[in-house]
Amino acid sequence: MFPAHIPKRTRSGPGIHTAVTTHVTSLCPCSKAISDYGAHNQRSEITLEITGTADAPYPLPAHEIVDLLRATGSAPVIPLIKRPDERVVTMQAYDHPVFLEDIIRDISLICPDKALTHTVTAKNLESIHSHDAIATLHHTC
(Lines give C-alpha, C1' and ligand atoms only; values in the text may rest on other atoms or scores of the structure.)
Protein backbone atom coordinates (compact mmCIF):
# COMPACT_ATOMS: atom_id res chain seq x y z
CA MET A 1 0.00 0.00 0.00
CA PHE A 2 1.17 3.52 -0.72
CA PRO A 3 1.58 6.08 2.05
CA ALA A 4 -1.41 8.09 3.13
CA HIS A 5 -1.80 10.06 6.31
CA ILE A 6 -4.95 10.71 8.31
CA PRO A 7 -3.80 13.72 10.32
CA LYS A 8 -6.96 14.49 12.23
CA ARG A 9 -10.42 13.50 13.22
CA THR A 10 -11.83 16.31 15.30
CA ARG A 11 -15.17 17.44 16.53
CA SER A 12 -15.73 21.15 16.21
CA GLY A 13 -19.07 22.79 15.80
CA PRO A 14 -21.86 20.65 14.39
CA GLY A 15 -19.74 18.04 12.60
CA ILE A 16 -16.79 15.71 12.71
CA HIS A 17 -13.91 16.68 10.43
CA THR A 18 -11.79 13.95 8.84
CA ALA A 19 -8.70 14.94 6.85
CA VAL A 20 -6.66 12.59 4.66
CA THR A 21 -3.39 13.54 2.94
CA THR A 22 -1.54 11.66 0.20
CA HIS A 23 0.86 12.37 -2.66
CA VAL A 24 0.59 12.18 -6.45
CA THR A 25 2.82 13.21 -9.32
CA SER A 26 1.71 16.15 -11.42
CA LEU A 27 3.23 16.95 -14.78
CA CYS A 28 3.08 20.58 -15.91
CA PRO A 29 0.93 21.02 -19.04
CA CYS A 30 2.75 24.25 -19.98
CA SER A 31 6.15 22.60 -19.68
CA LYS A 32 4.96 19.74 -21.88
CA ALA A 33 3.61 22.17 -24.49
CA ILE A 34 6.86 24.16 -24.81
CA SER A 35 9.40 21.35 -24.46
CA ASP A 36 10.94 19.21 -27.18
CA TYR A 37 12.24 16.54 -24.78
CA GLY A 38 9.73 16.04 -22.00
CA ALA A 39 8.33 18.18 -19.21
CA HIS A 40 8.96 18.95 -15.58
CA ASN A 41 6.92 17.27 -12.91
CA GLN A 42 6.63 17.49 -9.17
CA ARG A 43 5.24 15.69 -6.20
CA SER A 44 1.89 17.08 -5.13
CA GLU A 45 0.56 16.81 -1.59
CA ILE A 46 -3.23 16.66 -1.55
CA THR A 47 -5.44 16.93 1.54
CA LEU A 48 -9.18 16.39 1.56
CA GLU A 49 -11.06 17.32 4.71
CA ILE A 50 -14.67 16.24 4.86
CA THR A 51 -17.27 17.15 7.45
CA GLY A 52 -19.59 14.51 8.81
CA THR A 53 -22.88 15.03 10.57
CA ALA A 54 -24.48 13.47 13.63
CA ASP A 55 -26.29 11.03 11.33
CA ALA A 56 -23.21 10.25 9.21
CA PRO A 57 -20.07 11.17 11.16
CA TYR A 58 -17.76 9.50 8.61
CA PRO A 59 -19.57 9.87 5.28
CA LEU A 60 -16.70 8.44 3.23
CA PRO A 61 -14.24 5.74 4.39
CA ALA A 62 -10.58 6.81 4.51
CA HIS A 63 -9.54 4.26 1.85
CA GLU A 64 -12.10 5.74 -0.57
CA ILE A 65 -10.74 9.22 0.11
CA VAL A 66 -7.21 8.00 -0.66
CA ASP A 67 -8.42 6.36 -3.90
CA LEU A 68 -10.21 9.57 -4.90
CA LEU A 69 -7.13 11.71 -4.25
CA ARG A 70 -4.74 9.38 -6.08
CA ALA A 71 -6.97 9.29 -9.16
CA THR A 72 -6.64 13.03 -9.76
CA GLY A 73 -2.92 13.46 -10.41
CA SER A 74 -0.86 12.73 -13.50
CA ALA A 75 0.49 9.52 -11.94
CA PRO A 76 0.88 7.87 -8.54
CA VAL A 77 3.84 8.39 -6.25
CA ILE A 78 5.40 5.00 -5.60
CA PRO A 79 7.88 4.71 -2.71
CA LEU A 80 9.97 1.90 -4.18
CA ILE A 81 9.94 1.30 -7.92
CA LYS A 82 11.93 -0.73 -10.46
CA ARG A 83 13.12 0.75 -13.77
CA PRO A 84 10.50 -0.86 -16.02
CA ASP A 85 7.76 0.34 -13.68
CA GLU A 86 9.34 3.79 -13.46
CA ARG A 87 9.10 4.03 -17.24
CA VAL A 88 5.38 3.20 -17.11
CA VAL A 89 4.71 5.78 -14.38
CA THR A 90 6.74 8.45 -16.22
CA MET A 91 4.84 7.81 -19.44
CA GLN A 92 1.52 7.84 -17.58
CA ALA A 93 2.37 11.26 -16.13
CA TYR A 94 3.40 12.56 -19.57
CA ASP A 95 0.10 11.39 -21.05
CA HIS A 96 -1.93 13.03 -18.24
CA PRO A 97 -0.55 16.53 -17.56
CA VAL A 98 -2.49 18.41 -14.90
CA PHE A 99 -2.34 21.80 -13.22
CA LEU A 100 -2.70 22.07 -9.45
CA GLU A 101 -5.99 23.90 -9.94
CA ASP A 102 -7.28 20.99 -12.05
CA ILE A 103 -6.52 18.57 -9.22
CA ILE A 104 -8.56 20.44 -6.62
CA ARG A 105 -11.36 21.20 -9.09
CA ASP A 106 -11.65 17.53 -10.12
CA ILE A 107 -11.83 16.41 -6.49
CA SER A 108 -14.27 19.15 -5.58
CA LEU A 109 -16.59 18.27 -8.47
CA ILE A 110 -16.90 14.69 -7.19
CA CYS A 111 -17.60 15.58 -3.54
CA PRO A 112 -21.03 17.25 -3.97
CA ASP A 113 -22.25 14.15 -5.82
CA LYS A 114 -21.50 12.30 -2.59
CA ALA A 115 -23.08 15.12 -0.50
CA LEU A 116 -19.73 15.94 1.12
CA THR A 117 -19.02 19.28 2.71
CA HIS A 118 -15.31 19.53 2.11
CA THR A 119 -12.12 21.50 1.82
CA VAL A 120 -9.45 20.30 -0.60
CA THR A 121 -5.93 21.69 -0.50
CA ALA A 122 -3.13 20.79 -2.88
CA LYS A 123 0.52 21.82 -2.77
CA ASN A 124 2.99 21.26 -5.58
CA LEU A 125 6.48 20.73 -4.19
CA GLU A 126 8.02 22.40 -7.21
CA SER A 127 11.06 20.88 -8.87
CA ILE A 128 12.31 23.83 -10.97
CA HIS A 129 10.70 26.87 -9.35
CA SER A 130 11.90 28.54 -6.17
CA HIS A 131 8.38 28.52 -4.76
CA ASP A 132 5.68 25.93 -4.16
CA ALA A 133 2.20 26.30 -5.64
CA ILE A 134 -0.76 25.97 -3.29
CA ALA A 135 -4.49 25.93 -4.04
CA THR A 136 -7.52 25.46 -1.77
CA LEU A 137 -11.20 25.09 -2.49
CA HIS A 138 -14.08 24.80 -0.02
CA HIS A 139 -17.62 23.62 -0.71
CA THR A 140 -20.57 23.35 1.68
CA CYS A 141 -23.41 20.95 0.85
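Before any of the text, the structure's been laid out above.
Because the structure is a prediction, the values reported are computed rather than measured. Position numbers for residues start from 1 in each chain and track the written sequence from start to end. Totals for whole chains, interfaces and linings use every residue, but because this is a predicted model, local features are given only for residues with pLDDT of at least 70 and side-chain atom pairs only at 80 or more, for both listing and counting. In computing side-chain values, all of the structure's heavy atoms are included and hydrogens and water are not.

## Observations concerning the overall build of the protein
Per the secondary structure count, the protein includes four helices and six strands. Helix and strand definitions follow DSSP, with helices as H or I runs of at least four residues and strands as E runs of at least two, each counted in order from the N terminus. Seen in sequence order, the protein has helices and strands lined up from the N terminus as β-β-α-β-α-β-α-α-β-β. Taken over the C-alpha trace, the protein has a radius of gyration of 16 Å; the compact-globule value for 141 residues is 14 Å, and the two agree within 12%. Once the C-alpha set of the protein is aligned to its principal axes, its extents read approximately 55 × 30 × 25 Å. Expressed as a percentage of the 141 residues in the protein, the buried residues total 36%. Summarising the internal contacts of the protein: among those between residues at least 6 apart in sequence, 59% fall at separations of at least 24. Using a 1.4 Å probe, the Shrake-Rupley method yields the accessible areas, and only the shown protein chains count as cover for residues. When the accessible surface of the protein is summed, it comes to about 8,300 Å², and 56% of that surface belongs to carbon and sulfur atoms. As used throughout, the charge tally considers Lys and Arg to be positive and Asp and Glu to be negative, leaving His and the chain termini uncounted. Taken as the charge location is NZ of Lys, CZ of Arg, CG of Asp or CD of Glu. The centroid of the 12 positive side-chain charges in the protein is displaced by 6 Å from the centroid of its 15 negative side-chain charges. Using C-alpha atoms as the atom set, the radius of gyration is obtained and then compared with a globule rule of 2.2 Å times the number of residues to the power 0.38. When accessible area is computed with a 1.4 Å probe and restricted to protein chains, residues below 20% of their type maximum are described as buried, those above 50% as exposed, and intermediate ones as partly exposed. A contact between two residues is defined here by any heavy atoms of the two lying within 4.5 Å.

## What about unusual backbone geometry?
The phi torsion at alanine 115 lies on the positive side, around 55 degrees, for a residue other than glycine. Note that alanine 115 resides in the loop between helix 4 (100-110) and strand 5 (117-125).

## Considering the packing of aromatic side chains
The aromatic pairing rule takes the rings of Phe, Tyr and Trp, using the six-membered ring of Trp, and pairs them if the centres are within 6.5 Å, calling planes under 30 degrees apart stacked, those over 60 edge-to-face and the rest tilted. What the rule picks out here adds up to zero aromatic pairs. Whether a charge sits over a ring comes down to the Lys NZ or Arg CZ being within 6 Å of the ring centre and within 35 degrees of the ring normal. Above the plane of the ring of tyrosine 94 lies lysine 32, whose end atom (NZ or CZ) is 4.3 Å from the centre.

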